[in-house]
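Below are the chains, spelled out letter by letter.
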Amino acid sequence: MTGKELVHAFAGNPLDRGTSIRHSGEKIDAMKELPSARYLVFHDLKVLTREGAIDYVDYSSLPKLRGDQIFLGTLKNVPYFAAQTDDADVGEFTDCRQVVRQENLSQSGIVAQARSMLAWHRKNPFCSRCGSETTLERGGQLRRCPACNATTHPRIDPVVIMLIEHPDDQNLCLLGKSQGRMANSNFYSALAGFVDQGESLEEAVRREVLEESGVFVDVLKYHSSQPWPFPSSLMIGFHGRARSTEISIDEKEMADVRWFSKEKVSSAINGQDPSIMLPGPGAIAHHLIKSWTENSASLESQKKVKVS
Ligand SMILES: [Zn+2]
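Here we look at the confidence of the model for the chain
Next, step 1: Of the residues in the chain, 94% reach a pLDDT of 70 or more, and the chain-wide mean stands at 91.
Next, step 2: Taken element by element, the predicted model of the chain shows its lowest mean pLDDT in helix α2 (residues 96-102) (80) and its highest in strand β10 (residues 157-165) (98).

Next comes the structure, spelled out in C-alpha coordinates:
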(Lines give C-alpha, C1' and ligand atoms only; values in the text may rest on other atoms or scores of the structure.)
Protein backbone atom coordinates (compact mmCIF):
# COMPACT_ATOMS: atom_id res chain seq x y z
CA MET A 1 0.00 0.00 0.00
CA THR A 2 1.17 3.50 -0.66
CA GLY A 3 -0.70 5.38 2.05
CA LYS A 4 -3.98 5.45 0.12
CA GLU A 5 -6.60 2.92 1.15
CA LEU A 6 -8.17 1.09 -1.77
CA VAL A 7 -11.91 0.52 -1.75
CA HIS A 8 -12.72 -2.31 -4.12
CA ALA A 9 -15.96 -3.20 -5.86
CA PHE A 10 -18.36 -4.89 -3.37
CA ALA A 11 -16.74 -2.89 -0.52
CA GLY A 12 -17.58 0.66 0.60
CA ASN A 13 -21.09 -0.18 1.80
CA PRO A 14 -22.56 3.17 3.00
CA LEU A 15 -25.20 1.62 5.28
CA ASP A 16 -25.03 1.95 9.02
CA ARG A 17 -25.46 -1.71 9.95
CA GLY A 18 -27.61 -0.61 12.84
CA THR A 19 -25.36 -1.30 15.80
CA SER A 20 -28.03 0.00 18.15
CA ILE A 21 -30.96 -1.83 16.55
CA ARG A 22 -29.52 -5.02 15.05
CA HIS A 23 -29.91 -6.89 18.34
CA SER A 24 -33.61 -6.11 18.59
CA GLY A 25 -35.87 -8.18 16.36
CA GLU A 26 -38.86 -6.04 17.44
CA LYS A 27 -37.24 -2.78 16.34
CA ILE A 28 -36.30 -4.30 13.00
CA ASP A 29 -39.77 -5.78 12.43
CA ALA A 30 -41.29 -2.37 13.21
CA MET A 31 -39.32 -0.81 10.35
CA LYS A 32 -40.33 -3.34 7.67
CA GLU A 33 -43.62 -1.71 6.75
CA LEU A 34 -42.48 1.91 6.95
CA PRO A 35 -43.30 3.76 3.71
CA SER A 36 -39.68 4.91 3.60
CA ALA A 37 -38.19 1.36 3.81
CA ARG A 38 -36.26 0.32 0.69
CA TYR A 39 -36.09 -3.26 -0.50
CA LEU A 40 -33.57 -4.98 -2.76
CA VAL A 41 -35.48 -7.84 -4.32
CA PHE A 42 -33.67 -10.98 -5.50
CA HIS A 43 -34.69 -13.92 -7.63
CA ASP A 44 -32.29 -16.87 -7.65
CA LEU A 45 -29.61 -14.54 -6.16
CA LYS A 46 -29.96 -12.11 -9.05
CA VAL A 47 -31.01 -8.58 -8.12
CA LEU A 48 -33.99 -6.61 -9.45
CA THR A 49 -32.81 -3.86 -11.79
CA ARG A 50 -34.26 -1.30 -14.14
CA GLU A 51 -32.16 -0.18 -17.10
CA GLY A 52 -29.04 -1.61 -15.45
CA ALA A 53 -29.46 0.15 -12.07
CA ILE A 54 -30.76 -1.41 -8.86
CA ASP A 55 -34.52 -1.04 -8.67
CA TYR A 56 -35.32 -0.50 -4.98
CA VAL A 57 -38.98 -1.06 -4.15
CA ASP A 58 -41.06 -0.02 -1.13
CA TYR A 59 -43.10 -2.31 1.09
CA SER A 60 -46.42 -1.63 -0.63
CA SER A 61 -45.08 -2.55 -4.07
CA LEU A 62 -43.18 -5.71 -3.09
CA PRO A 63 -43.91 -8.77 -5.23
CA LYS A 64 -45.01 -12.00 -3.51
CA LEU A 65 -42.02 -12.85 -1.31
CA ARG A 66 -40.44 -16.15 -0.37
CA GLY A 67 -38.98 -16.47 3.11
CA ASP A 68 -38.00 -13.74 5.52
CA GLN A 69 -36.74 -10.25 4.86
CA ILE A 70 -33.16 -9.52 5.84
CA PHE A 71 -32.28 -6.25 7.57
CA LEU A 72 -29.20 -4.64 6.01
CA GLY A 73 -28.92 -1.30 7.83
CA THR A 74 -29.99 2.32 7.57
CA LEU A 75 -28.91 5.35 5.57
CA LYS A 76 -30.13 8.77 6.70
CA ASN A 77 -32.81 7.02 8.79
CA VAL A 78 -34.06 5.01 5.79
CA PRO A 79 -34.05 1.27 6.57
CA TYR A 80 -32.80 -1.14 3.87
CA PHE A 81 -33.90 -4.76 3.54
CA ALA A 82 -33.21 -7.66 1.19
CA ALA A 83 -36.03 -9.95 0.08
CA GLN A 84 -36.55 -12.86 -2.31
CA THR A 85 -39.29 -13.73 -4.76
CA ASP A 86 -40.00 -16.86 -6.79
CA ASP A 87 -41.62 -14.76 -9.47
CA ALA A 88 -39.07 -14.05 -12.19
CA ASP A 89 -41.59 -12.04 -14.19
CA VAL A 90 -41.93 -9.03 -11.85
CA GLY A 91 -39.02 -7.30 -13.56
CA GLU A 92 -35.49 -7.68 -14.84
CA PHE A 93 -33.11 -9.65 -12.58
CA THR A 94 -29.40 -9.14 -13.13
CA ASP A 95 -26.30 -11.07 -12.05
CA CYS A 96 -24.60 -9.11 -9.26
CA ARG A 97 -21.23 -9.06 -11.09
CA GLN A 98 -22.96 -7.29 -13.95
CA VAL A 99 -24.61 -4.74 -11.66
CA VAL A 100 -21.22 -3.81 -10.24
CA ARG A 101 -19.92 -2.97 -13.68
CA GLN A 102 -22.74 -0.51 -14.16
CA GLU A 103 -23.42 0.87 -10.68
CA ASN A 104 -21.28 3.01 -8.44
CA LEU A 105 -19.13 1.38 -5.77
CA SER A 106 -21.32 2.17 -2.78
CA GLN A 107 -24.29 0.36 -4.33
CA SER A 108 -22.10 -2.68 -4.94
CA GLY A 109 -21.36 -2.85 -1.19
CA ILE A 110 -25.07 -3.07 -0.41
CA VAL A 111 -25.51 -5.75 -3.09
CA ALA A 112 -22.60 -7.75 -1.64
CA GLN A 113 -24.06 -7.71 1.85
CA ALA A 114 -27.55 -8.64 0.65
CA ARG A 115 -26.45 -11.42 -1.69
CA SER A 116 -24.17 -13.07 0.88
CA MET A 117 -26.83 -12.95 3.59
CA LEU A 118 -29.57 -14.36 1.36
CA ALA A 119 -27.31 -17.15 0.09
CA TRP A 120 -26.42 -18.14 3.65
CA HIS A 121 -30.07 -18.21 4.80
CA ARG A 122 -31.04 -20.25 1.76
CA LYS A 123 -28.42 -22.86 2.60
CA ASN A 124 -29.22 -23.14 6.29
CA PRO A 125 -32.92 -23.94 6.71
CA PHE A 126 -32.16 -26.86 9.08
CA CYS A 127 -30.31 -27.20 12.37
CA SER A 128 -26.89 -28.83 11.97
CA ARG A 129 -27.20 -30.35 15.43
CA CYS A 130 -30.68 -31.96 15.41
CA GLY A 131 -32.04 -31.47 11.90
CA SER A 132 -35.12 -29.41 12.87
CA GLU A 133 -36.19 -26.41 10.84
CA THR A 134 -34.51 -23.22 12.04
CA THR A 135 -36.03 -19.75 12.20
CA LEU A 136 -34.49 -16.38 11.47
CA GLU A 137 -33.93 -13.86 14.30
CA ARG A 138 -32.77 -10.24 14.59
CA GLY A 139 -33.52 -9.41 10.99
CA GLY A 140 -31.21 -12.20 9.77
CA GLN A 141 -28.23 -11.82 12.10
CA LEU A 142 -28.72 -15.41 13.22
CA ARG A 143 -30.88 -18.53 12.89
CA ARG A 144 -32.15 -20.43 15.90
CA CYS A 145 -33.38 -23.99 16.25
CA PRO A 146 -36.68 -24.04 18.20
CA ALA A 147 -36.11 -27.71 19.16
CA CYS A 148 -32.60 -27.61 20.69
CA ASN A 149 -32.03 -23.81 20.91
CA ALA A 150 -28.76 -23.98 18.90
CA THR A 151 -27.89 -20.76 17.09
CA THR A 152 -25.89 -20.22 13.94
CA HIS A 153 -24.56 -17.02 12.34
CA PRO A 154 -23.92 -16.00 8.72
CA ARG A 155 -20.37 -16.99 7.78
CA ILE A 156 -17.53 -15.56 5.75
CA ASP A 157 -14.93 -17.68 3.95
CA PRO A 158 -11.44 -16.10 3.93
CA VAL A 159 -9.44 -16.47 0.72
CA VAL A 160 -5.83 -15.33 0.34
CA ILE A 161 -4.77 -13.89 -3.01
CA MET A 162 -1.15 -12.98 -3.64
CA LEU A 163 1.17 -11.56 -6.22
CA ILE A 164 4.62 -13.05 -5.69
CA GLU A 165 7.74 -11.54 -7.21
CA HIS A 166 10.94 -13.35 -8.21
CA PRO A 167 13.73 -13.39 -5.59
CA ASP A 168 16.54 -12.44 -7.98
CA ASP A 169 14.75 -10.38 -10.60
CA GLN A 170 12.07 -8.08 -9.19
CA ASN A 171 10.82 -7.46 -12.70
CA LEU A 172 9.22 -10.90 -12.73
CA CYS A 173 6.01 -12.02 -11.02
CA LEU A 174 4.19 -15.31 -10.68
CA LEU A 175 0.80 -15.69 -12.41
CA GLY A 176 -1.29 -18.79 -12.91
CA LYS A 177 -4.12 -20.17 -14.99
CA SER A 178 -6.61 -22.49 -13.28
CA GLN A 179 -7.96 -25.78 -14.54
CA GLY A 180 -11.65 -25.77 -15.43
CA ARG A 181 -13.53 -23.52 -17.79
CA MET A 182 -10.62 -21.08 -18.29
CA ALA A 183 -7.94 -23.77 -18.85
CA ASN A 184 -7.91 -23.28 -22.61
CA SER A 185 -8.04 -19.50 -22.49
CA ASN A 186 -5.13 -17.09 -22.07
CA PHE A 187 -6.54 -15.78 -18.76
CA TYR A 188 -3.92 -15.54 -16.00
CA SER A 189 -4.27 -14.16 -12.49
CA ALA A 190 -2.63 -13.95 -9.08
CA LEU A 191 -2.58 -17.26 -7.19
CA ALA A 192 -5.32 -17.67 -4.57
CA GLY A 193 -6.93 -20.17 -2.23
CA PHE A 194 -9.12 -20.70 0.83
CA VAL A 195 -7.60 -20.39 4.29
CA ASP A 196 -7.59 -23.72 6.14
CA GLN A 197 -8.79 -24.27 9.70
CA GLY A 198 -6.15 -23.42 12.29
CA GLU A 199 -4.04 -21.54 9.75
CA SER A 200 -2.85 -17.91 9.74
CA LEU A 201 -3.19 -15.80 6.60
CA GLU A 202 0.60 -15.82 6.15
CA GLU A 203 0.68 -19.62 6.42
CA ALA A 204 -2.18 -19.90 3.93
CA VAL A 205 -0.31 -17.74 1.39
CA ARG A 206 2.84 -19.86 1.68
CA ARG A 207 0.95 -23.17 1.49
CA GLU A 208 -1.21 -22.16 -1.48
CA VAL A 209 1.73 -20.82 -3.51
CA LEU A 210 3.75 -23.94 -2.77
CA GLU A 211 0.82 -26.25 -3.65
CA GLU A 212 -0.09 -24.47 -6.87
CA SER A 213 3.38 -23.59 -8.18
CA GLY A 214 6.06 -25.41 -6.17
CA VAL A 215 7.56 -22.01 -5.27
CA PHE A 216 8.55 -21.17 -1.68
CA VAL A 217 7.52 -17.72 -0.41
CA ASP A 218 9.78 -15.54 1.71
CA VAL A 219 8.49 -12.11 2.84
CA LEU A 220 4.89 -10.91 2.60
CA LYS A 221 3.09 -7.61 2.86
CA TYR A 222 -0.65 -7.03 3.27
CA HIS A 223 -2.21 -4.98 0.46
CA SER A 224 -6.02 -4.71 0.78
CA SER A 225 -9.17 -6.82 1.02
CA GLN A 226 -12.39 -7.28 -0.95
CA PRO A 227 -15.74 -8.87 -0.10
CA TRP A 228 -16.62 -11.33 -2.87
CA PRO A 229 -20.25 -12.38 -2.40
CA PHE A 230 -20.21 -15.57 -4.53
CA PRO A 231 -21.34 -16.72 -2.08
CA SER A 232 -19.46 -15.34 0.93
CA SER A 233 -15.70 -14.97 0.39
CA LEU A 234 -13.46 -12.28 1.77
CA MET A 235 -10.44 -11.88 -0.51
CA ILE A 236 -7.33 -10.87 1.44
CA GLY A 237 -4.59 -9.55 -0.85
CA PHE A 238 -0.82 -9.73 -0.34
CA HIS A 239 2.35 -8.92 -2.17
CA GLY A 240 5.22 -11.29 -1.53
CA ARG A 241 8.65 -12.35 -2.63
CA ALA A 242 9.65 -15.89 -3.46
CA ARG A 243 12.73 -17.60 -2.06
CA SER A 244 12.87 -20.26 -4.79
CA THR A 245 12.32 -20.01 -8.53
CA GLU A 246 11.60 -23.45 -9.96
CA ILE A 247 7.98 -24.04 -10.91
CA SER A 248 6.29 -27.40 -10.50
CA ILE A 249 2.53 -27.13 -10.84
CA ASP A 250 -0.31 -29.05 -9.27
CA GLU A 251 -1.95 -30.23 -12.50
CA LYS A 252 -5.26 -31.04 -10.83
CA GLU A 253 -5.71 -27.41 -9.88
CA MET A 254 -3.58 -25.39 -12.29
CA ALA A 255 -3.29 -25.49 -16.09
CA ASP A 256 -0.16 -23.30 -16.09
CA VAL A 257 1.95 -21.14 -13.77
CA ARG A 258 4.73 -18.89 -15.08
CA TRP A 259 7.02 -15.97 -14.30
CA PHE A 260 5.89 -12.96 -16.34
CA SER A 261 7.90 -9.81 -16.97
CA LYS A 262 6.75 -6.45 -15.63
CA GLU A 263 6.75 -5.10 -19.16
CA LYS A 264 4.35 -7.78 -20.41
CA VAL A 265 2.10 -7.56 -17.35
CA SER A 266 1.96 -3.74 -17.59
CA SER A 267 0.77 -3.78 -21.16
CA ALA A 268 -1.68 -6.64 -20.52
CA ILE A 269 -3.26 -4.95 -17.46
CA ASN A 270 -3.83 -1.86 -19.59
CA GLY A 271 -5.39 -4.02 -22.32
CA GLN A 272 -2.53 -3.49 -24.77
CA ASP A 273 -1.26 -7.08 -25.01
CA PRO A 274 -3.86 -9.51 -26.36
CA SER A 275 -1.57 -12.54 -25.82
CA ILE A 276 -2.57 -12.67 -22.14
CA MET A 277 -5.78 -11.61 -20.40
CA LEU A 278 -5.64 -10.36 -16.82
CA PRO A 279 -8.49 -9.66 -14.32
CA GLY A 280 -10.49 -6.46 -14.75
CA PRO A 281 -10.72 -3.60 -12.23
CA GLY A 282 -13.72 -5.15 -10.44
CA ALA A 283 -11.38 -7.75 -8.90
CA ILE A 284 -8.70 -7.26 -6.24
CA ALA A 285 -6.28 -9.28 -8.40
CA HIS A 286 -6.25 -6.44 -10.94
CA HIS A 287 -5.12 -3.96 -8.27
CA LEU A 288 -2.51 -6.30 -6.78
CA ILE A 289 -1.01 -6.72 -10.24
CA LYS A 290 -1.33 -3.08 -11.26
CA SER A 291 0.20 -1.65 -8.10
CA TRP A 292 3.13 -4.06 -8.45
CA THR A 293 3.75 -2.88 -12.02
CA GLU A 294 3.65 0.75 -10.84
CA ASN A 295 5.81 0.68 -7.75
CA SER A 296 6.76 -2.97 -7.11
CA ALA A 297 5.93 -4.59 -3.82
CA SER A 298 8.65 -2.72 -1.85
CA LEU A 299 9.13 -5.62 0.50
CA GLU A 300 11.49 -5.42 3.38
CA SER A 301 13.09 -8.52 4.77
CA GLN A 302 11.23 -9.67 7.86
CA LYS A 303 12.22 -12.13 10.54
CA LYS A 304 9.67 -14.61 11.86
CA VAL A 305 9.00 -14.09 15.54
CA LYS A 306 7.17 -16.68 17.59
CA VAL A 307 4.94 -15.22 20.28
CA SER A 308 4.10 -17.46 23.18
ZN1 LIG B 1 -31.57 -28.20 16.71
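Looking at the pattern of salt bridges
Next, step 1: One pass over the full model with this rule turns up 15 salt bridges.
Next, step 2: Between Arg 155 and Asp 157 there is a salt bridge, and its shortest N-O distance comes to 2.6 Å.
Next, step 3: Since its relative accessible area comes to 53%, Arg 155 is described here as exposed.
Next, step 4: Ionic pairing is found between Arg 207 and Glu 199, a salt bridge with its closest N-O pair at 2.6 Å.
Next, step 5: You can call Arg 207 buried: its relative accessible area is 19%.
Next, step 6: When salt bridges with common partners are traced through the structure, they connect Asp 196, Glu 199, Arg 207, Glu 208 and Glu 211 into a single cluster.

Describing the layout of surface pockets
Next, step 1: Volume-wise, the largest pocket comes out at about 1200 Å³.
Next, step 2: Lining the largest pocket we find 37 residues, and of these Arg 181, Phe 187, Ser 189, Trp 228 and Ala 283 sit closest to its centre.
Next, step 3: Mapped onto the lining of the largest pocket, the elements with two or more residues apiece are α2, β10, β11 (172-178), β12 (191-194), β13 (217-228), β14 (233-242) and α6 (284-295).
Next, step 4: Sort the elements by how many residues they give to the lining of the largest pocket and β12 lands first, with 4 residues.
Next, step 5: The residue inventory of the lining of the largest pocket, partitioned by class, reads 20 nonpolar, 10 polar and 7 charged.
Next, step 6: As for the second largest pocket, its lining consists of 23 residues, of which Arg 17, Gln 113, Ser 116, Met 117 and Ile 156 are closest to the centre.

Comments concerning the side chain of Ser 108
Next, step 1: On the secondary structure map, Ser 108 appears in helix α3 (residues 105-123).
Next, step 2: Overall, Ser 108 belongs to the buried group, its relative accessible area being 2%.
Next, step 3: For Ser 108, the residues in contact, after removing those within four places along its chain, are Ala 9, Phe 10, Ala 11 and Val 100.

Looking at the sheet that holds strand β9 (residues 151-152)
Next, step 1: Strands sit in the order β7-β8-β9 across an open sheet of 3 strands; the sheet is antiparallel. Since the sheet does not close on itself, it has two edges, and those belong to β7 (135-137) and β9, each with one partner.
Next, step 2: Pairing geometry for strand β8 (residues 142-144) and β9, over 2 bridges, is antiparallel. From the neighbouring strand, Arg 144 faces β9, where its bridge partner is Thr 151.

Regarding the coordination of the zinc ion
Next, step 1: Surrounding the zinc ion are the protein donor atoms Cys 127 (SG), Cys 130 (SG), Cys 145 (SG) and Cys 148 (SG), at 2.3 to 2.4 Å.
Next, step 2: Of note is the zinc ion, whose 4 donor atoms meet at the metal with angles of 100 to 120° in an arrangement that counts as tetrahedral.
Next, step 3: In primary-sequence terms, the residues that donate to the zinc ion follow C-x2-C-x14-C-x2-C. Taken together, the positions of Cys 130 in the loop between α3 and β7 and Cys 145 in the loop between β8 and β9 put the pair 15 residues apart, joining distant regions of the chain.
Next, step 4: For Cys 130, a relative accessible area of 39% corresponds to the partly exposed category.
Next, step 5: Using a relative accessible area of 0% as the deciding quantity, one classes Cys 145 as buried.

Overview of helix α4 (residues 201-213)
Next, step 1: The terminal C-alpha atoms of α4 lie 18 Å apart, and with 13 residues this matches the ideal 18 Å at 1.5 Å per residue to within 8%.
Next, step 2: Regarding α4, the residues found buried are Ala 204, Val 205, Arg 207, Glu 208, Val 209, Glu 212 and Ser 213.
Next, step 3: The inward-facing, buried residues of α4 contact β10, β11, β12, β13, β14 and β15 (254-261).
Next, step 4: With its phi angle positive at about 80°, Gly 214 sits one or two positions after the end of α4.

Description of the packing of aromatic side chains
Next, step 1: Enumeration according to the criterion identifies 9 aromatic pairs in this entry.
Next, step 2: On the numbers, 5.5 Å between centres and 75° between planes, the contact of Phe 10 with Phe 230 is edge-to-face. With Phe 10 in the segment before α1 (25-32) and Phe 230 in the loop between β13 and β14, this residue pair connects regions lying 220 residues apart in the sequence.
Next, step 3: Ring centres of Tyr 39 and Phe 81 lie 5.2 Å apart, and the angle between their planes is 20°; this geometry places the pair in the stacked category. In this pair, Tyr 39 is assigned in strand β1 (residues 38-43) and Phe 81 in strand β5 (residues 78-85), connecting sequence segments 42 residues apart. Each member of the pair, Tyr 39 together with Phe 81, is buried.
Next, step 4: Site record: aromatic cluster; members linked through ring pairs are Tyr 39, Tyr 59, Phe 71 and Phe 81.

Section: the side chain of Glu 165
Next, step 1: Assignment of secondary structure puts Glu 165 in strand β10.
Next, step 2: Judged by relative accessible area, which is 1%, Glu 165 ranks as buried.
Next, step 3: One polar contact links Glu 165 to Trp 292, side chain to side chain, over a distance of 2.8 Å.

Brief notes about the nonpolar core
Next, step 1: Within the largest apolar cluster, 25 residues are counted, with the highest numbers of intra-cluster contacts made by Leu 40, Phe 42, Ile 70, Leu 72, Ala 82 and Ile 110.
Next, step 2: Counting only elements with at least two residues in this core, the list comes to β1, β4 (65-75), β5, α2 and α3.
Next, step 3: In terms of residue count, α3 provides more of this core than any other element does, 7 residues in total.
Next, step 4: Beyond its immediate sequence surroundings of up to four residues, Leu 72 is in contact with Leu 15, Arg 17, Leu 40, Tyr 80, Phe 81, Ala 82, Ile 110, Gln 113 and Ala 114.

Rules of the game
- Residues numbered from 1 in each chain as written.
- Predicted model: local features only at pLDDT ≥ 70, side-chain atom pairs only at ≥ 80, totals over all residues.
- Heavy atoms only, no water.
- pLDDT = per-residue confidence, 0-100.
- Helix = DSSP H or I, 4+ residues; strand = E, 2+ residues; numbered from the N terminus.
- Salt bridge = Lys/Arg side-chain N within 4 Å of Asp/Glu carboxyl O.
- Buried < 20%, exposed > 50% of the residue type's maximum accessible area, 1.4 Å probe, protein only.
- 1 Å grid on protein atoms, 1.4 Å probe; cavity = no way out; pocket = protein on both sides within 12 Å on 5 of 7 lines; lining within 4 Å.
- Points joined across faces, edges and corners; volume = space filled by probe spheres on them.
- Nonpolar A, V, L, I, M, F, W, Y, C, P; charged D, E, K, R; others polar.
- Contact = heavy atoms within 4.5 Å.
- Pairing = 2+ DSSP bridges.
- Donors = N, O, S within 2.8 Å, 3.2 Å for Na, K, Ca; no water.
- Tetrahedral: all angles 85-135°; square planar, octahedral: opposite > 155°, others 65-115°.
- Expected span 1.5 Å × (residues − 1).
- Phe/Tyr/Trp six-rings, centres within 6.5 Å; stacked < 30°, edge-to-face > 60°.
- Polar contact = N/O pair within 3.5 Å; in protein donor to acceptor, adjacent residues only side chain to side chain.
- Core = buried A, V, L, I, M, F, W, Y, C linked by side-chain atoms within 4.5 Å.

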